[in-house]
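Spelled out from the first residue to the last, the chains are:
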Amino acid sequence: TCESASSALSCFNTSYFDSNACVACSVIDASCTNCHTNIATPECLLCNDQHYLTSTTSCATCQSGVPHCIRCTHDGEGGAKCFDCGNDYVLTDDHTCTSCGVLVNHCQSCEEHGVRQGLCNTCMVGYFTTDGTSCVLCSSQVDKCTDCDQVGGFGMNCTQCETGFFPSSTTACSACDSVIAHCVTCSPDFAGSATCLTCAEKFYTADGSECLACTNIDANCFFCNNAGECTACVFGYYVDSVSHLCV
């Protein structure tokens, strides 16, 4: 309300009275949304929900009062009272934020609200969960399995195995050299078999389907690469830089 166009008597709660004018609360602090009116010294009463009131003239971020808190209000004692936490953190009864990994060991992300609050949705690499209350090691279900996906609420599919092995099915890891002789590392194909990536020493693969002896390139070739080039020869021979054969 005002006495004239140029003389204010009172202001809305989003501003305060100063020198016959209404001044925005944000002048006190950029995050102040509600302040005193009709007083000699302006005071902030409320900050936006990403900040809390620390004194009559300042607002602080929720995270500075409660680590990982993203929405809060003041607790009446100069501190913050959190009511929403950031990703991968859950609000506890005492209004602090606890990581999913503390609530459920090896949990990466969990339910932050509702009836499933605190239950794990996604586990760290190498683990899976079926009911949200625990994260289970993939290799405890499939030998040599290093990563897996949860399947519904009942089990897991192995998606990655230790070096030298590949997921030959959703529930098994097989050795690369069990399907391709002399194969050291491989990747799964869509037929339950594998494509060889690297072969053992003195062998090479041209298309991933088999490992061939370096002597296939040249009878005196000792080491070679997947390009079918000899990189070292037996004693008494050397690799020609142009032909990559032993001379």
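Refer to the structure presented above.
The following paragraphs examine the structure supplied in this document. (Residues numbered from 1 in each chain as written. Predicted model: local features only at pLDDT ≥ 70, side-chain atom pairs only at ≥ 80, totals over all residues. Heavy atoms only, no water.)

**A short note on the overall build of the protein chain**
Consideration 1: When you go through the protein chain residue by residue, the secondary structure sums to 2 helices and 26 strands.
Consideration 2: Computed over the C-alpha atoms, the radius of gyration of the protein chain is 34 Å, more than 25% above the 18 Å expected from 2.2 N^0.38 for a compact globule of 247 residues.
Consideration 3: Seen along its three principal axes, the alpha-carbon backbone of the protein chain occupies a region of about 105 × 50 × 30 Å.
Consideration 4: Relative to its full complement of 247 residues, the protein chain shows a buried share of 32%.
Consideration 5: In the protein chain, 15% of the contacts between residues at least 6 apart in sequence involve partners at least 24 apart.
Consideration 6: Of the accessible surface of the protein chain, which amounts to about 13800 Å², a share of 52% is contributed by carbon and sulfur atoms.
Consideration 7: A gap of 7 Å separates the mean positions of the 5 positive and 26 negative side-chain charges of the protein chain. (Helix = DSSP H or I, 4+ residues; strand = E, 2+ residues; numbered from the N terminus. Rg over C-alpha atoms; globule rule 2.2 N^0.38 Å. Buried < 20%, exposed > 50% of the residue type's maximum accessible area, 1.4 Å probe, protein only. Contact = heavy atoms within 4.5 Å. Areas by Shrake-Rupley, 256 points an atom, 1.4 Å probe, with all protein chains shown as cover. Lys, Arg positive; Asp, Glu negative; His and termini not counted. Charge placed at Lys NZ, Arg CZ, Asp CG, Glu CD.)

**So, the environment of Pro167**
Consideration 1: Its location among the elements puts Pro167 in strand β19 (residues 165–169).
Consideration 2: Through-space distance from the C-alpha of Pro167 to that of Leu46 is 57 Å; in sequence the pair is 121 residues apart.
Consideration 3: If sequence neighbours within four positions are ignored, Pro167 has contacts with Cys158, Thr159, Gln160, Cys161, Ala172, Cys173 and Pro188.

**Considering the state of the cysteines**
Consideration 1: Here the structure, examined in full by the defined rule, presents 19 disulfides.
Consideration 2: The disulfide partner of Cys107 is Cys120, and the gap between their sulfur atoms is 2.3 Å. Between Cys107 and Cys120, the S-S dihedral sits near 100°, and the bridge is therefore right-handed. You can see Cys107 sitting in strand β13 (residues 107–110) and its partner Cys120 sitting in strand β14 (residues 120–123), a full 13 residues away along the chain. Judged on exposure class, the residue Cys107 and its partner Cys120 are both buried.
Consideration 3: Shown here is the disulfide that connects Cys176 with Cys186, its sulfur atoms set 2.1 Å apart. Its torsion about the S-S bond being -80°, the disulfide of Cys176 and Cys186 is classed as left-handed. Of this pair, Cys176 sits in the loop between β20 (172–175) and β21 (183–188) while Cys186 sits in strand β21, placing them 10 residues apart in sequence. With respect to class, Cys176 is no different from Cys186; both count as buried. (Disulfide = S-S within 2.5 Å.)

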